[in-house]
Amino acid sequence: MTMYDYLVVGSGLFGSTFAYEAAKRGKRIKVIEKRSHIGGNVYTEKVQDINVHKYGAHIFHTNNKEIWDYVNQFAEFNRYTNSPIANYKSEIYNLPFNMNTFNKLWGVVTPEAAKKKIEEQKNVLAGKTPVNLEEQAIALIGTDIYQKLIKGYTEKQWGRKATELPPFIIKRLPVRFTYDNNYFNDKYQGIPIGGYTQIIEKMLSSELIDVEVSTDFFNRKEEYMNEFPKIIYSGMIDQFFDYSLGTLEYRSLKFESKILDRENYQGNAVVNYTDAETPYTRIIEHKHFEFGNQKKTVVTKEYPSTWNKGDEPYYPLNDKRNNELYQQYKDLASKFPNVIFGGRLGMYKYFDMHQIIGAALATVKQEF
Ligand code: FDA
């Protein structure tokens, strides 16, 4: 038997929050992580003195003061406000869709004029119930915005034509009739000054926590299951059961990063490429998350890609088939009371960072 109370599989925000809270309660924890570093997808690394978001842009935002205070104990956050822009064939538009966007598109100045224009354009559907994503988008926002800012981006994201995608993918669209480019409606948002990795480092810094990176749970699954009284598992739930009921599907991403010998490449942290021809969906310029003035810059192109077993599973494909399969795995998991399945991979659901911290704290509450 081991000296540890818990084995935590995965050092992302879920596993690390749990480990931190368990150590605070005097428990001994071993954390294993298959990557060569801790932090999961929020990991940031310094390149040219710039904190690079290695697994995609991460902006912390929440309406929950408790979660905001909680995460602020591990890092100081800056005043970053997410205001992405869209580049459609070199025309630049503000996001989310707001009065700045409408003014640039149609020259309208007042909210009334913008609403009138959108209503006119929605009429092409003549009240028909949308049967695919294209019709759904037009029913919500009209033809111009759909054609320039939604169609190409969405088709690249999903790897399918908008007419072949189900309408429920876009239930709502962020539309604002004010001149406000702040993407999120949340009360609190920002970026940790110095990056996210420090948060995870602090969470795992207790003497009661031992961390082993480059260690895959599946290399010693049987031993771990016998040795540890309790396991917090934040890897893929279907992999835990050796895919015995079938494989859950994801969308993946490929990142292509470059150091550029110039101070400022695109003037904004996030630029979405909304035409169909540009193969990537976004370019991230990392220094702008922290208002950096380094001499060089680091940019990352983000390419959506099909997920095959072994690729990084970024976005769960929560369609009917996968949700039903997940439910079957969840039922199977309930037969293993000493394994807690958590995090985005263990629960097969997209979670923002504040939600995953909330989910980990809820697990802690149940456990102690
Ligand atoms: P996470 O994936 O981070 O951690 C799981 C860990 O388990 C990984 O490190 C993995 O290597 C490890 N692991 C898996 N299997 C293992 C095994 N067999 N053995 C050992 N280790 C194993 N949220 C937000 O609030 N604002 C944002 O802007 C963004 N942006 C964003 C962009 C992109 C591209 C994505 C994909 C996601 C976001 N998010 C986000 C969401 C955010 O990334 C997410 O909430 C957290 O990373 C989830 O933390 P977890 O611990 O659940 O998973």
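These numbers were taken from a predicted model, which means no experiment stands behind them.

Enquirer: What is the right way to read the side chain of S305 from this model?
Expert: Its location among the elements puts S305 in strand β14 (residues 297-306). Accessibility expressed as a relative area gives 12% for S305, which makes it buried. For S305, the residues in contact, after removing those within four places along its chain, are R251, S252, L253 and K254.

Enquirer: Honestly, the sheet that holds strand β10 (residues 230-233) in this entry has me stumped. Any pointers?
Expert: Within a beta sheet, neighbouring strands are joined by backbone hydrogen bonds and run either parallel or antiparallel to one another. Strands sit in the order β9-β2-β1-β10-β16 across an open sheet of five strands; the sheet is parallel. Strand pairing shows two members of the sheet lacking a second neighbour, β9 (209-212) and β16 (339-341), which therefore form its edges. Going across the sheet, the axis of each strand differs from the next one's by a mean of 15°, ignoring polarity. The pairing of strand β1 (residues 6-9) with strand β2 (residues 29-32) spans four bridges and is classified as parallel. For Y6, the partnering residue across the bridge sits in β2 and is I29. Each of β1, β2, β9 and β10 touches helix α1 (residues 13-24); the most contacted strand, β1, lies at about 160° to it.

Enquirer: So what exactly am I meant to see when it comes to the domain arrangement of the chain here?
Expert: A common way to express how large an interface is: the accessible area buried when the components associate. Annotation of the chain at the domain level lists domain 1 (6-79 + 189-248 + 317-367) and domain 2 (97-170). Averaged C-alpha coordinates put domain 1 and domain 2 at centres separated by 36 Å.

Enquirer: Sorry, what's going on with the site of the ligand here?
Expert: Contacts to the ligand come from 32 residues, most closely from E33, H58, R344, F351 and M353. Contact between the ligand and M353: an oxygen atom at 2.7 Å from a main-chain N or O atom of the residue. Put simply, the parts of the chain that give the shell around the ligand at least two residues each are α1, α11 (343-346) and α12 (353-367). Of the residues that constitute the shell around the ligand, the class distribution is 17 nonpolar, nine polar and six charged.

Enquirer: Quick question: what am I supposed to make of helix α6 (residues 143-158) here?
Expert: Maximal helix bending in α6 amounts to about 45°, located at I150. G159, located one to two residues past α6, shows a positive phi value of around 65°.

Conventions we followed
- Residues numbered from 1 in each chain as written.
- Predicted model: local features only at pLDDT ≥ 70, side-chain atom pairs only at ≥ 80, totals over all residues.
- Heavy atoms only, no water.
- Helix = DSSP H or I, 4+ residues; strand = E, 2+ residues; numbered from the N terminus.
- Buried < 20%, exposed > 50% of the residue type's maximum accessible area, 1.4 Å probe, protein only.
- Contact = heavy atoms within 4.5 Å.
- Pairing = 2+ DSSP bridges.
- Axes fitted to C-alpha atoms, helices over the stretch in contact; angles between N-to-C directions.
- Domains from an automatic or database assignment.
- Near = heavy atom within 4 Å.
- Polar contact = N/O pair within 3.5 Å; in protein donor to acceptor, adjacent residues only side chain to side chain.
- Nonpolar A, V, L, I, M, F, W, Y, C, P; charged D, E, K, R; others polar.
- Bend = angle between axes of the 7 residues up to and from the residue.

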